[in-house]
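So you can see what is in the structure, the chains are spelled out below.
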Amino acid sequence: MAAVTPAAAIDRARALLLAEGFSEIGQGTRGESFYFGLPGAEGQVRVANHARTPKQRLKHPEVVASLVVTGPLSEVALRERLSATLRDFRGRQGRLAMAIEPP
């Protein structure tokens with residue numbers, strides 16, 4: 001499978017999160033970060049093209065899991081990384097992990 005650009009991978013991750021029942025609840029000021037919440041769950045999932053700084057982590061503890069895409073990714077690699085992010089999110093919720101199944 002061909003790799004897609006980071007921007008396209010982020011767009012795809014956003015679509016996959018919406019398909020999983022998440023809602024987009026915010027966007028970073030520069031449009032490089034997107035925040036998602038799951039109804040009935042605490043915390044947020046962040047999808048971005050850069051990692052957060054320690055100061056950002058302290059300032060925004062509501063973000064409990066992040067998917068950072070800094071380079072091209074294949075669909076398979078994106079799904080694997082998103083599944084790991086969701087396991088982390090759900091683990092912090094005390095829930096069982098749920099992987100995204102390929103279409």
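Summarised in this report is the structure supplied together with it.

Parameters and conventions
Residues numbered from 1 in each chain as written. Predicted model: local features only at pLDDT ≥ 70, side-chain atom pairs only at ≥ 80, totals over all residues. Heavy atoms only, no water. Helix = DSSP H or I, 4+ residues; strand = E, 2+ residues; numbered from the N terminus. Contact = heavy atoms within 4.5 Å. Pairing = 2+ DSSP bridges. Axes fitted to C-alpha atoms, helices over the stretch in contact; angles between N-to-C directions.

## A word on the side chain of arginine 14
Secondary-structure assignment places arginine 14 in helix 1 (residues 6–19). What arginine 14 contacts, discounting residues up to four positions off in sequence, is Glu24, Phe34 and Phe36.

## Describing the sheet that holds strand 1 (residues 23–27)
An order of 1-2-3-4 is seen for the 4 strands of this open sheet, with the pairing classed as mixed. Unpaired on one side and paired on the other, strand 1 and strand 4 (63–68) mark the two borders of the sheet. Taken over all neighbouring pairs, the strand axes of this sheet differ in orientation by 30 degrees on average, direction set aside. As paired strands, strand 3 (residues 44–48) and strand 4 are joined by 5 bridges and run parallel to one another. When the bridges of strand 4 are listed, glutamine 44 appears paired with valine 63. Where helix 3 (residues 75–93) meets the sheet, it contacts strand 3 and strand 4, and its direction lies at approximately 175 degrees from that of strand 4.

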